Amino acid sequence: MAKAIGSSGHEALCRALTDARIGAGQAQLAGRLHCHQSLVARIESGEHRVDVIELVVLARAIGVSASTMSTVVETETPEDHRI
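From a predicted model like this one, the values you see are computed outputs, not experimental measurements.

### What to know about helix H4 (residues 52–62)
When H4 is considered as a whole, its buried residues turn out to be Leu55, Leu58, Ala59, Ala61 and Ile62. Looking down the long axis of H4, one finds its buried residues gathered within 160 degrees of arc, a one-sided arrangement. Facing away from the buried side of H4 by more than 90 degrees, the exposed set consists of Ile53 and Arg60. Where H4 is buried, its residues contact helix H1 (8–21), helix H2 (26–33), helix H3 (37–45) and helix H5 (66–76).

Laid out in structure tokens, this is it:
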């Protein structure tokens, strides 16, 4: 059984979210999300696994489409990745 955290797709998502957020600090994004800055840091570092709803909310707060973020994950996830 493969773990999503630490997988190439998960790492790609973390990089994409961080890159999309550049220009706005973690604290600014946390304010838009009504959460603690530490949660944003855990998401970007890969310590927090993002579910689909969180992806949509994060993407909206950053100002990118969730489908763009999803495409990054799809591209970086190997065909033989298991659940």
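### Notes on the state of the cysteines
By definition, a disulfide links two cysteine residues through a covalent bond between their sulfur atoms. Applying the stated criterion across every chain, the model contains zero disulfides. A disulfide-free cysteine, Cys35 has its sulfur positioned 15 Å from the sulfur of Cys14, the nearest such atom. Take Cys35: its relative accessible area is 25%, and that puts it in the partly exposed class.

### Focus: empty space enclosed by the protein
On inspection of all chains with the given rule, the structure shows one cavity of 30 Å³ or more. Estimated volume of the largest cavity: approximately 30 Å³. In this structure, the largest cavity is lined by Leu17, Leu29, Val40, Ile43, Glu44, Leu58 and Ile62. Put simply, the parts of the chain that give the lining of the largest cavity at least two residues each are H3 and H4. At three residues, H3 tops the list of elements feeding residues into the lining of the largest cavity. For the lining of the largest cavity, the residue count by class is six nonpolar, no polar and one charged.

### Brief notes about the environment of Leu29
For Leu29, the location among the structural elements is in helix H2. When the C-alpha atoms of Leu29 and Ala66 are compared, they prove to be 16 Å apart, with 37 residues separating the residues in sequence. Those residues in contact with Leu29 that sit more than four places away from it in its chain are Arg21, Val40, Ala61 and Ile62.

### So, the nonpolar core
Formed by 14 residues in total, the largest nonpolar core has its most connected members in Leu13, Leu17, Leu29, Leu33, Val50, Leu58 and Met69. Taken together, the elements giving at least two residues each to this core come down to H1, H2, H3 and H4. Considering every element that reaches this core, the biggest residue donor is H4, with four residues. In this structure, Val50 is in contact with Leu13, Ile43, Leu55 and Leu58, ignoring residues within four places of it in sequence.

Calculation rules
Residues numbered from 1 in each chain as written. Predicted model: local features only at pLDDT ≥ 70, side-chain atom pairs only at ≥ 80, totals over all residues. Heavy atoms only, no water. Buried < 20%, exposed > 50% of the residue type's maximum accessible area, 1.4 Å probe, protein only. Helix = DSSP H or I, 4+ residues; strand = E, 2+ residues; numbered from the N terminus. Arc of directions from axis to C-beta. Contact = heavy atoms within 4.5 Å. Disulfide = S-S within 2.5 Å. 1 Å grid on protein atoms, 1.4 Å probe; cavity = no way out; pocket = protein on both sides within 12 Å on 5 of 7 lines; lining within 4 Å. Points joined across faces, edges and corners; volume = space filled by probe spheres on them. Nonpolar A, V, L, I, M, F, W, Y, C, P; charged D, E, K, R; others polar. Core = buried A, V, L, I, M, F, W, Y, C linked by side-chain atoms within 4.5 Å.

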